[in-house]
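Here's the letter readout for the chains.
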Amino acid sequence: MTPTPEEGAASPFAGDRAPLPPRADLYTAAVLLAFGLGVLGLALNMPTFAEQSQSGLTAPGIVPGFYGIVIAGLSVLLGLRAIRRGALSASAQHAPALSRADARQLGTAAALGILYAGVMVGTLPFWMAAALFVFAFTTAFEWDRGPAGRPRRIIEAALLGLGTGLAVTLVFERLFLVRLP
Amino acid sequence: MLAGGFAHVLQGGAIFHAFWAVLIGIVIGALPGLTATMGVALMTTLTFTMGPQVAMLVLICVYVGAIYGGSRSAILLNIPGTPASAASTLDGFPLARKGLAGRAMGISTLGSWLGTLFGTLILAMFAPSFGEFALQFGSYEMFWVAVFGIVIAGSLSGGDALKGYIAGFIGLFIATIGQETNHAYARFAFGNGDLAGGLGLLPVLVGVFGVAEVLNAMRGPVVKAVSSKIDSVIPRLRDVTQYWRTILRSGAIGTFIGAMPGLGEDIAAWSSYAAAKRASAEREMFGRGSVEGLMAAETGESACVPGAIIPVLTLAVPGSAPAAVLMAAMMIHGVNPGPMLAITTPEFIYQIVAMLVIADMVKLVYGLLLVKPLLWVLLIPRSRLMPIVFVLCTVGAFAITSRLFDIWVMLGAGLLGFVLRELRFPMAPLVLGLVLGDLLDKNLLRGLVLSGGDLSPFFTRPISAVLCGLTVLAAMWAVPGLFARIAGLFSRRWAAPRP
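Rules behind the numbers
- Residues numbered from 1 in each chain as written.
- Chains lettered and ligands numbered in written order.
- Predicted model: local features only at pLDDT ≥ 70, side-chain atom pairs only at ≥ 80, totals over all residues.
- Helix = DSSP H or I, 4+ residues; strand = E, 2+ residues; numbered from the N terminus.
- Rg over C-alpha atoms; globule rule 2.2 N^0.38 Å.
- Buried ≥ 20, exposed ≤ 12 C-beta atoms within 10 Å, placed from the backbone.
- Contact = placed C-beta atoms within 7 Å.
- Nonpolar A, V, L, I, M, F, W, Y, C, P; charged D, E, K, R; others polar.
- Expected span 1.5 Å × (residues − 1).
- Bend = angle between axes of the 7 residues up to and from the residue.
- pLDDT = per-residue confidence, 0-100.
- Axes fitted to C-alpha atoms, helices over the stretch in contact; angles between N-to-C directions.
- Parallel < 35°, antiparallel > 145°, perpendicular 65-115°, else oblique.
- Left-handed = near helix turned anticlockwise from the far one by under 90°.
- Core = buried A, V, L, I, M, F, W, Y, C linked by C-beta atoms within 7 Å.

K.L.:
Outline the overall build of chain B, supporting the account with residue identities and numerical values.
P.N.:
Helix and strand content of chain B: 24 helices and two strands. A compact globule built from 499 residues should have a C-alpha radius of gyration of about 23 Å, and chain B, at 22 Å, falls within 12% of that. Overall, chain B is about 75 × 70 × 50 Å in size when its C-alpha atoms are taken along their principal axes. Expressed as a percentage of the 499 residues in chain B, the buried residues total 64%. A fraction of 79% describes how many contacts in chain B between residues 6 or more apart in sequence connect residues 24 or more apart.

Spelled out as structure tokens, the structure:
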């Protein structure tokens, strides 16, 4: 009963976008191989507690070591498959992973997210951090719509930010008694 | 016992909670970029101070509502609100383009309502007896249940089985970070006290499904406006009488797939749709606005919800990603799902049944009444919605243990989830790995200690052997053409002339 994505619809599965070039899989396999071997190495260096358990069968490194071996083994298979699909051929075409516009939007979202969650939260009062983040995010992503109506959009973004900060604080902290950062 | 379950659940303001929670679920599901998993994870935060009963009701209502809500944007925008609704775009959107958006939503409501009801019936009938059967499972069997979950999720949930397995084992690895139970040794902590405490399941899930979704949503094209003209959404009785076979078949497929660890609603919908197409007399209409196709997809995905809760209650193994979060929420609220549930609190299974039925009924009410307001919700620009979602993610990650470290975990998990998705790794096995990591870890070591290092009980005990065989079959399923080659070998042998 293997599901078959039908024509004309976005598949819910991972392969719903254009397939990755084999070379991307090869690089991924290399990173995963290093990761798997790293996990294995760290697991082997863990104490065995053999003197306490008499057998060493409860050693903390057994399970992660097993995972490390499996990840390394599967990444070798991934790499071999990528090579079989032409990852090493000189003619392999590289489609850009992200368009320039996508990369810019993604970078903006990630940078603002890290600035908010990593720096502002815990430093500023939560309502203020949330308000500033929502304002900055909305303004940044609506900036490209052009100068017409920009002042109005900025005011709306400010109100949205303020509303979010206050509403989240009230609902979570006062109504549901959840501690906020 | 079932009546007792209803009586227990309906105490207090249950109906009030059900109404607001289903509404939130539908809105979350309807908005592209917000998934049922994210919804259940974020709402878990809100339920911290509630009693376990109300908390479970709220989360189940959000889950049921979100899976249903995804069909709204699938029909009106041709964009599935949740991955589970992708199959509904095939016939839902063509119906809407013909000016039958209301009829499509009516069919979706009817199919979804019947699907959840069917799945709930199966849950009520089989979960208690399966729970009693699961009492025979020891460490060896539970180890195989966990491995089977990872393998089947890897084989079927992502299209690329190899990447599915890798994602599953990355999830299992993440679950090993922090102190282990036997010697309290902090694995992969590197002297960091926060890491020694382990990575919380909820911050990781909020990261993988919340932050990664926000990043993903912000880099795509802007969603176009929807049709504002809606015809009648009242479902027709004829749709049930005409397609009762499709409804029953899709309900059975959806529930079965839900009960398989880690597969989830999207696969249930696709499989139900494919089965309906194969069996239909009007298969040429599929993809062009087939009522039967839409009914099959909606019934299948909604039947999957109770199906996915069956292994949670009986084995402590989630059937889908939202069910994984639901299971984590159960543990947070002091309910320990798994085989022992049949002994410690057998009435809990019937309470869950009652909650599912209540959620399903409320969903039906909203499906018939809440059409126009949902259209407005769908028009909210992502530049205004996504920062609010991100703020909620931060609250969700922080609230459980009040550690700023958990916010960093959320960010890291979000980035990892985004990169893995970009590299076409499926997320369901990763989540299952995270959830099953502890189960696998403990039972492997416990089994080894019990057998004195002898591996044979893992293969020779009857239930273990069956589970091991199923795991091998699930892994072989993923090898392209393997079954065809084996079948070919047998057919050649039979066809060969005898000497």
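K.L.:
I'd love a proper account of the overall build of chain A, names of residues and values included.
P.N.:
From N to C terminus, chain A includes six helices and zero strands. Element order for chain A, N to C, with α for helix and β for strand: α-α-α-α-α-α. When burial is assessed residue by residue, chain A has 33% of its 181 residues classed as buried.

K.L.:
I'd like a description of the interface of chain A and chain B, backed by residues and values.
P.N.:
Facing 68 residues of chain A, the contacting portion of chain B comprises 67 residues. With eleven residues, the single largest contributor to the side of chain A that touches chain B is helix α3 (residues 62–84) of chain A. Looking at the side of chain A that touches chain B residue by residue, the classes come out as 47 nonpolar, 15 polar and six charged.

K.L.:
Requested: an account of helix α21 (residues 428–450) of chain B, with residues and values cited.
P.N.:
Residue and element names in this part refer to chain B. Taking 1.5 Å per residue, 23 residues should reach 33 Å; α21 reaches 32 Å between its end C-alpha atoms and fits that length. Its axis deflected by about 50 degrees at leucine 436, α21 carries its strongest bend there. With 18 of 23 residues buried, α21 lies mostly within the body of the structure. A positive backbone phi angle near 65 degrees is found at glycine 452, which sits one or two residues after α21.

K.L.:
Quick rundown of the confidence of the model for chain B? Include the residues and the values.
P.N.:
For chain B, per-residue confidence averages 86 on the pLDDT scale, and 94% of positions sit at 70 or higher. Two summary scores accompany this predicted model of the complex, namely pTM at 0.81 and ipTM at 0.86.

K.L.:
Got a sec to walk through the packing of α3(A) against helix α8 (residues 161–176) of chain B? Specific residues and values, please.
P.N.:
A packed helix pair is summarised by two numbers, namely the angle formed by the two axes and the spacing between the axes. Where α3(A) meets α8(B), the axes come as close as 10 Å, and the angle between the chain directions of the two elements is 155 degrees. For the element pair α3(A) / α8(B), the angle class is roughly antiparallel. Here α3(A) runs over α8(B); the crossing is left-handed. Contact residues: α3(A) offers Val63(A), Pro64(A), Tyr67(A), Val70(A), Ile71(A), Leu74(A), Ser75(A), Leu77(A), Leu78(A) and Arg81(A), while α8(B) offers Leu162(B), Tyr165(B), Ile166(B), Phe169(B), Ile170(B), Leu172(B), Phe173(B) and Thr176(B). Of the residues belonging to the contact of α3(A) with α8(B), the class tally is 15 nonpolar, two polar and one charged.

K.L.:
Help me get a handle on the nonpolar core, residues and values and all.
P.N.:
Ile71(A), Leu59(B), Cys61(B), Tyr63(B) and Val431(B) are the most contacted members of the largest nonpolar core, which totals 233 residues. Not counting residues up to four positions away in its chain, the partners in contact with Ile71(A) are Leu32(A), Phe35(A), Gly36(A), Val39(A), Ile166(B), Phe169(B), Ile170(B) and Phe173(B).

K.L.:
Before we move on, could you go through the environment of Met1(B) and cite the residues and values that matter?
P.N.:
All names here are of chain B. Here methionine 1 is to be found in the segment before α1 (2–9). Methionine 1 sits 126 residues away from alanine 127 along the chain, and the two C-alpha atoms are 13 Å apart. Not counting the four nearest positions on each side in its chain, methionine 1 is found in contact with Glu347 and Tyr350.

K.L.:
So what about unusual backbone geometry? Which residues, and what values?
P.N.:
The backbone phi angle of Phe49(A) is positive, close to 55 degrees, even though this residue is not glycine. Within the fold, Phe49(A) resides in the loop between α1 (22–44) and α2 (50–53). A count of 17 C-beta atoms within 10 Å places Phe49(A) in the partly exposed class. With a phi close to 55 degrees, Phe188(B) is a non-glycine residue in the positive phi region. Along the chain, Phe188(B) turns up in the loop between β2 (186–187) and α9 (193–196). Overall, the presence of 19 C-beta atoms within 10 Å leaves Phe188(B) in the partly exposed class.

K.L.:
Explain the packing of helix α12 (residues 244–259) of chain B against helix α13 (residues 265–279) of chain B to me, using residue names and the numbers behind them.
P.N.:
Residue and element names in this part refer to chain B. Relative orientation of the contacting elements α12 and α13 amounts to 145 degrees, with a least axis distance of 9 Å. As for how α12 packs across α13, the hand of that crossing is right-handed. Contact with α12, carried on its side by Thr246, Arg249, Ser250, Ile253, Gly254, Ile257 and Gly258, involves Ile267, Ala268, Ser271, Ser272, Ala275 and Ala276 of α13 and no other residues of that element. Among the residues forming the contact of α12 with α13, the class breakdown is six nonpolar, six polar and one charged.

K.L.:
Tell me about the environment of Glu156(A), residues and numbers included.
P.N.:
With respect to the element layout, Glu156(A) can be found in helix α6 (residues 150–175). Assessed through the 16 C-beta atoms surrounding it within 10 Å, Glu156(A) is described here as partly exposed.

K.L.:
Could you give me a rundown of the confidence of the model for chain A, with the residues and numbers involved?
P.N.:
A low pLDDT score tells you not to read the predicted coordinates there in detail. Residue and element names in this part refer to chain A. Across chain A, the average pLDDT comes to 84, with 83% of residues at or above 70. Highest mean pLDDT in chain A belongs to α1 (95); lowest belongs to α2 (75). Segment residues 1–16 is flagged for pLDDT under 50; beyond a separation of four residues in sequence, or across chains, it makes 43 contacts in the model.

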